[in-house]
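# Remarks on the overall topology
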Amino acid sequence: MNKEEIAPHVKEIARVLEGKVKEQEIEKDLDNYLNVYRMSLEASKRHIVRKYGGDPNALTKGERKMLSQLGLSEQSVDLLVRVMSSNTREVVVGGTPKTIQSGLLADEAGNTVKFTVWDVSKADLKAGENYLIRYAYTKEWSGQPEVHLGNRVVIEQRPQDEVKVPDTVIVPQTGSYSAPVTAKVSELKENMNNITFTGRVLALRSKEVETPSGKKAMFTGIIADETGKVEFTAWHDFGLKENEVITVTNAYVKGWKGIPRLSFGERGQVTRPKLKFPTNEELSQAVRKSIEDLERSGGASDVVLAGTVVDIKKGTGLIFRCPECNRVVQKGVCQVHGKVQQVPDLRIKIVVDDGSAAITAVMKREVTERLTGVTLKEALDEARETMDPEVIGHRFEEKLLAKPIELRGNVISDDYGLSMNVSEAKLVIPDVKTEAEALLAKIEVI
Ligand SMILES: [Zn+2]
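A brief structural summary. Bear in mind that the values here come from a model prediction, so they are computed numbers and not experimental data.

### Description of the overall build of the protein chain
Broken down by element type, the protein chain carries nine helices and 23 strands. Dimensions of the protein chain, computed from C-alpha atoms along their principal axes, come out at roughly 70 × 65 × 55 Å. A total of 446 residues make up the protein chain; the buried ones form 44% of that total. For the protein chain, contacts bridging at least 24 residues in sequence account for 60% of all contacts bridging at least 6.

### Some thoughts on the coordination of the zinc ion
Summarising the metal site, the zinc ion is bound by the protein donors C322 (SG), C325 (SG), C334 (SG) and H337 (ND1), whose distances to it range over 2.1 to 2.3 Å. For the zinc ion, the donor residues sit on a single chain with the sequence spacing C-x2-C-x8-C-x2-H. Residue C325 is classed as partly exposed on the basis of its relative accessible area of 25%.

### Notes on the nonpolar core
By size, the foremost hydrophobic cluster in this structure holds 34 residues, and its most contacted members are I350, M363, L407 and M420. Among the elements that take part in this core, strand β16 (residues 300-312) stands out by supplying five residues, more than any other. Each residue touching M420, except ones within four places of it in the same chain, is listed here: V303, L305, I359, T360, A361, V362, L407, R408, G409, N410 and V411. If you look at the next biggest cluster of nonpolar residues, it comprises 21 residues, including F219, F232, L262 and V270.

### A word on helix α2 (residues 23-35)
Owing to its 3.6 residues per turn, the α-helix aligns residues three or four sequence positions apart on the same side. The end-to-end C-alpha separation of α2 is 18 Å, in line with the 18 Å expected for 13 residues at 1.5 Å each. Among the residues of α2, those classed as buried are I26, D29, L30, Y33 and L34. Down the axis of α2, the buried side of the element spans an arc of 125°, and every buried residue falls inside it. Residues of α2 that are exposed and point more than 90 degrees away from the buried face comprise Q24 and K28.

### Remarks on the packing of aromatic side chains
In total, this model carries three aromatic pairs according to the counting rule given. Their ring planes at 25° and their centres at 5.7 Å tell us that Y33 and Y37 sit as a pair that is stacked. Given the relative accessible area of 9%, Y33 is considered buried. By relative accessible area, which is 43% here, Y37 ends up partly exposed. Plain terms: the ring middles of F238 and F264 are 5.7 Å apart, the flat faces sit at 45° to each other, and that makes the pair tilted. Of this pair, F238 sits in the loop between β11 (228-234) and β12 (245-256) while F264 sits in strand β13 (residues 259-264), and the two are 26 residues apart along the sequence. Both residues of the pair, F238 and F264, belong to the buried class. Aromatic rings pair up to connect F232, F238 and F264 into one cluster.

### Here we look at the packing of helix α7 (residues 376-386) against helix α8 (residues 391-400)
Their axes nearest at 9 Å, the elements α7 and α8 cross at an angle of 120°. Taken together, the residues of α8 that come into contact with α7 (itself represented by A379, E382, A383 and T386) are V391, I392 and R395. Along the lines of polarity and charge, the residues of the contact of α7 with α8 split into four nonpolar, one polar and two charged.

### Considerations on the pattern of salt bridges
All chains considered together, the criterion is met by 22 salt bridges. The shortest N-O distance in the salt bridge between E226 and K184 comes to 3.0 Å. Of the two residues, E226 sits in the loop between β10 (214-225) and β11 while K184 sits in the loop between β8 (181-182) and β9 (195-211), which places them 42 residues apart along the sequence. For E226, a relative accessible area of 45% puts it in the partly exposed group. Among the ionic pairs, E424 bridges to R408, the shortest N-O distance being 3.8 Å. Of this pair, E424 sits in strand β23 (residues 417-427) while R408 is found in strand β22 (residues 404-414), placing the two residues 16 residues apart along the sequence. The network of salt bridges with common partners includes K229, D302, R408 and E424.

### Regarding helix α6 (residues 365-372)
When α6 is considered as a whole, its buried residues turn out to be V367, T368, E369, L371 and T372. Its buried side turned inward, α6 meets β20 (343-353), β21 (358-363), α7, α8, β22 and β23. After α6 finishes, the residue G373 shows a positive phi value of roughly 75°.

### Section: the pairing of β22
The pairing of β16 with β22 spans seven bridges and is classified as antiparallel. Across the sheet, residue T308 finds its bridge partner in β22, namely P404. Judged from the ten bridges that link them, β22 and β23 form a sheet pairing that is antiparallel. From the neighbouring strand, R408 faces β23, where its bridge partner is E424. In this antiparallel pair of consecutive strands, β22 and β23, the connection spans two residues.

Reading the values: the criteria
- Residues numbered from 1 in each chain as written.
- Predicted model: local features only at pLDDT ≥ 70, side-chain atom pairs only at ≥ 80, totals over all residues.
- Heavy atoms only, no water.
- Helix = DSSP H or I, 4+ residues; strand = E, 2+ residues; numbered from the N terminus.
- Buried < 20%, exposed > 50% of the residue type's maximum accessible area, 1.4 Å probe, protein only.
- Contact = heavy atoms within 4.5 Å.
- Donors = N, O, S within 2.8 Å, 3.2 Å for Na, K, Ca; no water.
- Core = buried A, V, L, I, M, F, W, Y, C linked by side-chain atoms within 4.5 Å.
- Expected span 1.5 Å × (residues − 1).
- Arc of directions from axis to C-beta.
- Phe/Tyr/Trp six-rings, centres within 6.5 Å; stacked < 30°, edge-to-face > 60°.
- Axes fitted to C-alpha atoms, helices over the stretch in contact; angles between N-to-C directions.
- Nonpolar A, V, L, I, M, F, W, Y, C, P; charged D, E, K, R; others polar.
- Salt bridge = Lys/Arg side-chain N within 4 Å of Asp/Glu carboxyl O.
- Pairing = 2+ DSSP bridges.

Set out below in structure tokens:
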């Protein structure tokens, strides 16, 4: 990117940083990350904002508005609303059938607006729930704005008490709210109901549980389709077998820290469809996700993501734990157990950004040793020699910061946002030759 192309992005970063940093400074940084570190534009911008203490989410967000402030042709707007009604139906667009969703949104001021979801895999708005909708746009219909949720939209379900709609708002009746929906693993979200799901059973075990009506067998396991894996619980004996492909109806989703879990019981039916389906081996691979996808689903089991290390968190390197409770101790003192015989450990906590969003990734000792090539014993020796336990953290920082990385593991979400429990990590060496060839090919076409 040349100076001219960089200029508007420098301006945008300067805006987010509220003039705290000189534009020349920002331009130098941006040029460096783009052209020396070869980070993507989005990741570079977010990294610079974070580096100077700004909020990277302020970069690409649309403007938050109340419904009464909506114009007739908003390009990108954020709304905090309650869904008053929601209908899913088939329409024909340009000769091909398409599933869309429409209904009514309301906000705390008691204003309402009609909405349409054009890509139900990006947004599934449920009546009675609150959402923060980002990157929506509006169009005019009979002189009123209507909110459209296209393929750029990002939705986040919000707590019930966050939007209190006045009683005066009239809720239209809708009959199709609980109509069965066919969903893939990647579309499963907490509190979904009446789902029809097809997948291959990758793992299965049975367990006896005590119920008020006596002993009962329940079954748990992992089921997968081409979009990912999900844990399931069957509260009824459907004669399930490992490796078979099943279609289950009337399933529902409960979540744990954002990781969806599929459940089905006596109200559901299991059939064995005859169809071509990915093999056990293909389905056992981790599915690649963008961090934005993970933000949307709130979590996932066994996924792969790739991004750039944009921050090294405190507590990376050689750490010491309480032998009683495993908490990290400071100077041999556990906040619960007082002075203890501390146990050394290695850990890495980083922030990875893939240009769409950021995630915290935590690596325990085994993963840290494999990634850095530094064992706990070597780390302890080096800390003793230099009399500085922080030397290891600094070494990890040098090795990882601003580097492209690929991570595999489970992703959860909690009050601190998304985090990955990393099971495998590797630094990605950018293939400069292929990039150069791709660039040349592009030039030839022009
Ligand atoms: Zn303790």
